[in-house]
Amino acid sequence: RSARAEGRMIDVLALDCIDETHLVRDRMTPGDDDDMAALMASLESRGQQTPIEVVALPAPRNGKTHGLISGARRLSALRRLRARTEDPRFATVQARLIAPADAQAAYVAMVEENEIRAGLSLYEKGRITLRAVHEGVYPTPRAALRGLFGSVSRSRRSKIGSFLELVEPLDAVLRFPAMIPEKLGLGLA
């Protein structure tokens, strides 16, 4: 019981019980087609090697009992495999049930997972910073920067902060904002 409560146990959950919209996602796209194809091929041949992270929802919503914290690409790949193959192996997902202290801790868990596994672009980092403020998770962009990216260097946080200047006015009109290179983005800011 204590291992489960501390998030040290891996559960097997039905894919359909996971609400991937529980948090506003930091990654703007699930990855390019080649990356997704490689992930799906790996899952098909070796199975799921790394669990996703979920939180138990206080009340089920539309049959969803758990909210996704991290592992959106793995969840998406498993769902695609299930749809393509109808193989029962892909009807479930290995998940680690965590209990973040609050919404800020949940967002930090998501961001840190992507920082470690597959880095986000500076634009995506700026975007999730502002989205966390708009969702009421943090009171200000500065607090969100410190909270979400407290483990990165001060200069890196400053660069993310510069990209905030691009996200607010341009997010609705840019088609491939995650492709903006650092130097160009800083120059535009």
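Let me sum up the structure you'll find in this document. Computed from a prediction, not measured in an experiment: that's the story for all the values here.

### Topic: a nonpolar patch on the surface
Part 1 of the reasoning: A cluster of nonpolar side chains, contributed by L170, V173 and L174, occupies part of the molecular surface with about 230 Å² of accessible area.
Part 2 of the reasoning: Judged by relative accessible area, L170 falls into the partly exposed class, the value being 32%.

### Thoughts on the sheet that holds strand β3 (residues 52–61)
Part 1 of the reasoning: Spatial ordering of the open sheet is given by β1-β5-β3-β4-β2, a layout of five strands whose pairing is mixed. For this open sheet the edge positions go to β1 (10–14) and β2 (18–19), each flanked by a neighbour on one side alone.
Part 2 of the reasoning: With two bridges joining them, β2 and strand β4 (residues 64–70) adopt parallel strand pairing. Of the residues in β4, the one forming a bridge with I18 is H66.
Part 3 of the reasoning: Across the sheet, helix α3 (residues 72–85) is in contact with β2, β3, β4 and β5 (92–97); its angle to β4 comes to roughly 125°.

### Things to note about the nonpolar core
Part 1 of the reasoning: In this structure, Y107, I128, Y138, L148 and F149 are the most contacted members of the largest nonpolar core, which totals 28 residues.
Part 2 of the reasoning: Of all elements in the fold, only α4 (103–117), α5 (122–134), α6 (141–148) and α7 (154–170) reach the threshold of two or more residues within this core.
Part 3 of the reasoning: With six residues, α5 is the largest single contributor of residues to this core.
Part 4 of the reasoning: Core analysis: the next-biggest nonpolar cluster, separate from the first, contains 18 residues, L13, C17, M40 and A77 among them.

### Examining the packing of α6 against α7
Part 1 of the reasoning: Contact geometry for α6 and α7: axes closest at 11 Å, N-to-C directions at 140°. With respect to their mutual orientation, α6 and α7 come out oblique. The handedness of the crossing between α6 and α7 is right-handed. Together, P141, L145 and R146 of α6 and R157, I160, G161 and L164 of α7 make up the contact between the two elements.
Part 2 of the reasoning: Here the contact of α6 with α7 is built from residues that sort into four nonpolar, one polar and two charged.

### Concerning unusual backbone geometry
Part 1 of the reasoning: You will see that N62, though not glycine, has its phi angle at about 55°, which is positive.
Part 2 of the reasoning: With respect to the helices and strands, the residue N62 is situated in the loop between β3 and β4.

### A short note on the environment of H134
Part 1 of the reasoning: Within the element layout of this structure, H134 appears in helix α5.
Part 2 of the reasoning: In this structure the C-alpha to C-alpha distance between H134 and L78, which are 56 residues apart in sequence, comes to 30 Å.

### Brief notes about the packing of α5 against α7
Part 1 of the reasoning: As a packed pair, α5 and α7 sit with axes 7 Å apart at the nearest point and diverge in direction by 70°. Taken as axis vectors, α5 and α7 run roughly perpendicular relative to one another. Along its contact with α5, which presents L122, Y123, K125, G126, R127, T129, L130 and H134, the element α7 presents R156, K159, I160, F163, L164, L166, V167, E168 and L170.
Part 2 of the reasoning: Here the contact of α5 with α7 is built from residues that sort into nine nonpolar, three polar and five charged.

### Details of the environment of A72
Part 1 of the reasoning: Inspection of the secondary structure assignment puts A72 in helix α3.
Part 2 of the reasoning: The class of A72 is partly exposed, set by a relative accessible area of 35%.
Part 3 of the reasoning: Between the C-alpha atom of A72 and that of A189, which follows or precedes it by 117 residues, the distance is 30 Å.

Cut-offs and rules
Residues numbered from 1 in each chain as written. Predicted model: local features only at pLDDT ≥ 70, side-chain atom pairs only at ≥ 80, totals over all residues. Heavy atoms only, no water. Patch = residues over 30% accessible without salt bridge, like charges linked within 9 Å, V, L, I, M, F, W, Y side chains within 5 Å. Areas by Shrake-Rupley, 256 points an atom, 1.4 Å probe, with all protein chains shown as cover. Salt bridge = Lys/Arg side-chain N within 4 Å of Asp/Glu carboxyl O. Buried < 20%, exposed > 50% of the residue type's maximum accessible area, 1.4 Å probe, protein only. Pairing = 2+ DSSP bridges. Helix = DSSP H or I, 4+ residues; strand = E, 2+ residues; numbered from the N terminus. Contact = heavy atoms within 4.5 Å. Axes fitted to C-alpha atoms, helices over the stretch in contact; angles between N-to-C directions. Core = buried A, V, L, I, M, F, W, Y, C linked by side-chain atoms within 4.5 Å. Parallel < 35°, antiparallel > 145°, perpendicular 65-115°, else oblique. Left-handed = near helix turned anticlockwise from the far one by under 90°. Nonpolar A, V, L, I, M, F, W, Y, C, P; charged D, E, K, R; others polar.

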